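# Observations on the model geometry
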Amino acid sequence: MQIKEKLEVFRQSAIEVAGQESKTELEEYEKSYQQELEWFRKGKQQEIENAFQMERMKLSREMNRKVSAEITRQKRILDERQQQKKQKLFAVVEQKLAEFQKTESYEAYLIAQIKKAVVFARNEEIIIYINPTDAEKKQKLEQETGAVLTISKMDFGGGIRAVIHSKNILIDESFATRLEQEKNSYTF
């Protein structure tokens, strides 16, 4: 072999070795870049999922806030309507009570309540009050019950109130008190 041929074989061999080394390095770089690319993709995918979850939670909170605000608004409207209906209902009840107070049944009711208070007192001193609007009925009620009645200085809507001082007892059969109790306990 001549030098040219030797050189050619050497060159060929050197090119093959360099090509092999280059191919190996290139494969290693490619493998390394593939791994980095995969890590990058996974990282970006995780970032996207996290951002999606954060946005989803944000939208869910916003939706819950709006729903809560609407529920509160609806409850307020419902409560206002219930209060209006309650006021109308009790206005009708008060009107019916006023009409009832003009009947003989009301006088019979007063007589029954006065007698009941006297029986409850059992010979103790009792002061029985009637409403100022019932002042004209005082004499008739006293004749029917045999009790001494006092006209109250306060309007309590009808009915009677009685006090037994020796026992510190207040008997309150007034319409105002009963009406107030019903208003406080009435629900829809």
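Just above sits the structure.
Computed from a predicted structure; not experimentally measured. (Residues numbered from 1 in each chain as written. Predicted model: local features only at pLDDT ≥ 70, side-chain atom pairs only at ≥ 80, totals over all residues. Heavy atoms only, no water.)

## Some details on a negative patch on the surface
A contiguous patch of negative charge on the surface is contributed by Glu21, Glu25, Glu27, Glu28 and Glu30. Tracing the sequence through the fold places glutamate 21 in helix H1 (residues 3–100). Taking the relative accessible area as the measure of exposure, glutamate 21 reaches 47% and is therefore partly exposed. (Patch = residues over 30% accessible without salt bridge, like charges linked within 9 Å, V, L, I, M, F, W, Y side chains within 5 Å. Areas by Shrake-Rupley, 256 points an atom, 1.4 Å probe, with all protein chains shown as cover. Salt bridge = Lys/Arg side-chain N within 4 Å of Asp/Glu carboxyl O. Lys, Arg positive; Asp, Glu negative; His and termini not counted. Charge placed at Lys NZ, Arg CZ, Asp CG, Glu CD. Helix = DSSP H or I, 4+ residues; strand = E, 2+ residues; numbered from the N terminus. Buried < 20%, exposed > 50% of the residue type's maximum accessible area, 1.4 Å probe, protein only.)

## With respect to the nonpolar core
Of all hydrophobic cores here, the largest spans 17 residues; its most connected members are Ile114, Ala117, Ile126, Ile128, Leu141, Leu149 and Ile160. Counting residues per element, the ones that place at least two in this core are helix H2 (104–121), strand S1 (127–130) and strand S3 (159–164). With six residues, the single largest contributor to this core is H2. Filtering out sequence-adjacent residues up to four positions away, leucine 149 remains in contact with Ile114, Ile128, Ile130, Lys138, Leu141 and Glu142. (Core = buried A, V, L, I, M, F, W, Y, C linked by side-chain atoms within 4.5 Å. Contact = heavy atoms within 4.5 Å.)

In short, shape yes, function no, at least from these values alone.
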